[in-house]
Amino acid sequence: MAKMVNFYPVGIQTFSNIREGNYLYIDKTQYIVDFREKKMKYVFLSRPRRFGKSLLISTLECYFQGKKELFKGLAIEQLEKEWKQYPVFHIDFNGKDFTQAGELEKTLLTFVEKQELIYGRDPLATTLGDRFMAVLRIAHEKTGLGAVVLIDEYDKPLLDVLDTGLKTFDSEGNERLLEDRHREIMKGFYSVFKAADRDLKFVLLTGVTKFSQVSVFSGFNQPDDISMDDRYEALCGITEEELYSVFDEQIKAMAARYKVSEDEMKYRLKRKYDGYHFSPSMLDIYNPFSLLNALDTQDLSCFWVSSGATSMLPKFVDNMELRLRNFEHCPILRKTLESSDVINGGAELFLYQTGYLTIKSSDEFGYFLGFPNQEVKQALYEVVLPTLTMQSESDIISLQSSLFRQLGTGEIADAMKTLKALVADVPYSNKKLASMDMEERYRLIISTILNAIGLKVEVEHMLATGRIDLIAQTSRYIYVIELKLRNNGGKKAAMQQIQENQYLEPFKADKRKVIGLGIELDEEGKGILDWGITS
């Protein structure tokens, strides 16, 4: 593990800039040696956005270019003796808008032309694929070393146009879907690797999602998919061991800032940013983008979502405001998770590959998925809340902020007024809820609101004495909530159930104050009518 001056590489994805700028770097170079020793030639890695894939690509680029000085003090320095300078072809699809017709062709053509300026062009090669294959051959012949091809976010040209309905025209003037055009171009481009096999040393493709052999990689040598290989689970991201060994002083500083113990700060960081599992071995991985931002700013905010990570959700998940709670503990077949095309794998597979869900457990029957951490869970509930409540984001954002503060400081009367405004008459007005019974509608809406403001929420918590409708936890309070329709006893019945079933007792050992909250609801769905408290 390399310790460097504590400059955080937030937003820096270039290995040379990190090393030359004396930024903090967590050493992952032992994996490069592993690739070499296993003689891996074609490798595929899927990870969510902002998870360090671009830095991995850049690290490999510097390694294959023989830049030994950048690896001083890292694991690979003692393991690599030759440091050859291979011809490296780095294709980066990040930062491009592929919804524009012709952008993909332009990007690939520019890439090939730049390589031809370096190594030379074969005048007999006319198509884009032939020119790319020729420049790989020429590079091999000139250097005596096989070419290295590194492709970052290989799937972006397809994801950008997936299910958009955008159209373009082919060379004969026929209208066709831009999605189909991009798929055709990528299939042709990647088929070069099979034909150019003897001129290649190593190929790595990274992306968010996984497309099948037939749809994209037809004719391409089958890559080693290390996405769910437990040997490479920590290749991208930060493990707990790395966090505690590299960032010990930063954790202490955050604990002092928040006026909590070091152990409490470790718990908060874990709950907020940890919890990713990329294999059945269940090694905990922290989101590197969020964790580095939190340590840099000394603030436990939501960073990953603000980077645009939720933009693809509508393409894959219909009626998410109604289905979201089902994803907290959802089964998925082993074959689906490990080998299915993202297009045909269902919402659960998409949510897993894009980082909204992660592996929670596995057995011989398959996997169970769930939200990795509080940051992701809160973000998803924030996304669906406007749709569920049928209000604009701008209309409810101030109410969310008020409710978070009010519940966090125990201002229950004000909190209930704010909650009443958010619930309004949604159980009656939102026709998508018509198949649910009325109390279930209220439970869905209120739990979504509480999740969206970042509370730790549990729905239908079972005790020996009964079933609690909702538990909502803040740093200072635990709220035990019982919901009752007016025609089913209302506030009085809710309070009576909390008291007679001793719903508060299991939580009284906690240092936080425990409050029972009985809420009376209009049976026609017109909103919250009254409430009462007990402690």
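One numbering rule holds for all chains: residues counted from 1, following each sequence as written. Local features are withheld for residues below a pLDDT of 70 in this predicted model, meaning they are given only at 70 or higher, and side-chain atom pairs are given and counted only at 80 or more; totals for whole chains, interfaces and linings count all residues. Only hydrogens and water are set aside when side-chain values are computed; all heavy atoms of the structure are taken into account.

## Considerations on the environment of glutamine 497
Consideration 1: Among the structural elements, glutamine 497 can be located in helix H23 (residues 490–500).
Consideration 2: Each C-alpha atom of the pair glutamine 497 and arginine 467 lies 9.9 Å from the other, and the pair is 30 residues apart in sequence.
Consideration 3: Only heavy atoms enter the contact rule, under which two residues are in contact if any of them lie within 4.5 Å. Those residues within four positions of glutamine 497 in sequence are excluded, and the remaining contacts are Arg467, Glu482, Lys484 and Tyr503. Secondary structure elements are defined from DSSP: runs of H or I of at least 4 residues count as helices, runs of E of at least 2 residues count as strands, and each element is numbered from the N terminus.

## With respect to helix H5 (residues 103–119)
Consideration 1: Expected span, for any helix, means 1.5 Å times one less than how many residues it has. Compared with the 24 Å implied by 1.5 Å per residue over 17 residues, the 25 Å span of H5 between its first and last C-alpha is a close match.
Consideration 2: Note on exposure labels: buried denotes an accessible area under 20% of the residue type's maximum, exposed denotes more than 50%, and partly exposed covers the range between, all computed with a 1.4 Å probe on protein chains only. If you check which residues of H5 are buried, you get Glu103, Leu104, Thr107, Leu108, Phe111, Val112, Gln115, Glu116 and Tyr119.
Consideration 3: For H5, the elements touching its buried residues are strand E2 (88–92), helix H6 (128–143), helix H7 (156–159) and helix H8 (178–190).
Consideration 4: Glycine 120, located one to two residues past H5, shows a positive phi value of around 110 degrees.

## Some details on the sheet that holds strand E6 (residues 200–207)
Consideration 1: Pairing is parallel in the open sheet, where five strands are placed in the order E2-E3-E6-E1-E7. Two strands close off the open sheet at either side, each with one partner strand: E2 and strand E7 (224–225).
Consideration 2: Two strands pair when backbone bridges link them, and strand E1 (residues 42–46) and E7 are joined in this way by two bridges, in the parallel orientation. For valine 43, the partnering residue across the bridge sits in E7 and is aspartate 224. Any two strands are treated as partners once DSSP identifies two or more bridges connecting them.

## Thoughts on the pattern of salt bridges
Consideration 1: Salt bridge, as used here: a side-chain nitrogen of Lys or Arg that lies within 4 Å of a carboxyl oxygen of Asp or Glu. For the structure shown, the criterion picks out 39 salt bridges.
Consideration 2: Among the salt bridges present, the one from aspartate 229 reaches arginine 231, with a minimum N-O distance of 2.6 Å.
Consideration 3: Given the relative accessible area of 15%, aspartate 229 is considered buried.
Consideration 4: Residues arginine 268 and glutamate 264 are paired through a salt bridge, measuring 2.9 Å at the closest nitrogen-oxygen approach. In this pair, arginine 268 and glutamate 264 are both assigned in helix H12 (residues 262–273), four residues apart and thus about one turn of the helix distant.
Consideration 5: Exposure remark for glutamate 264: the relative accessible area of 25% places this residue in the partly exposed category.
Consideration 6: Overlapping salt bridges bring together Glu439, Arg443, Glu460, Arg467 and Asp469 as one network.

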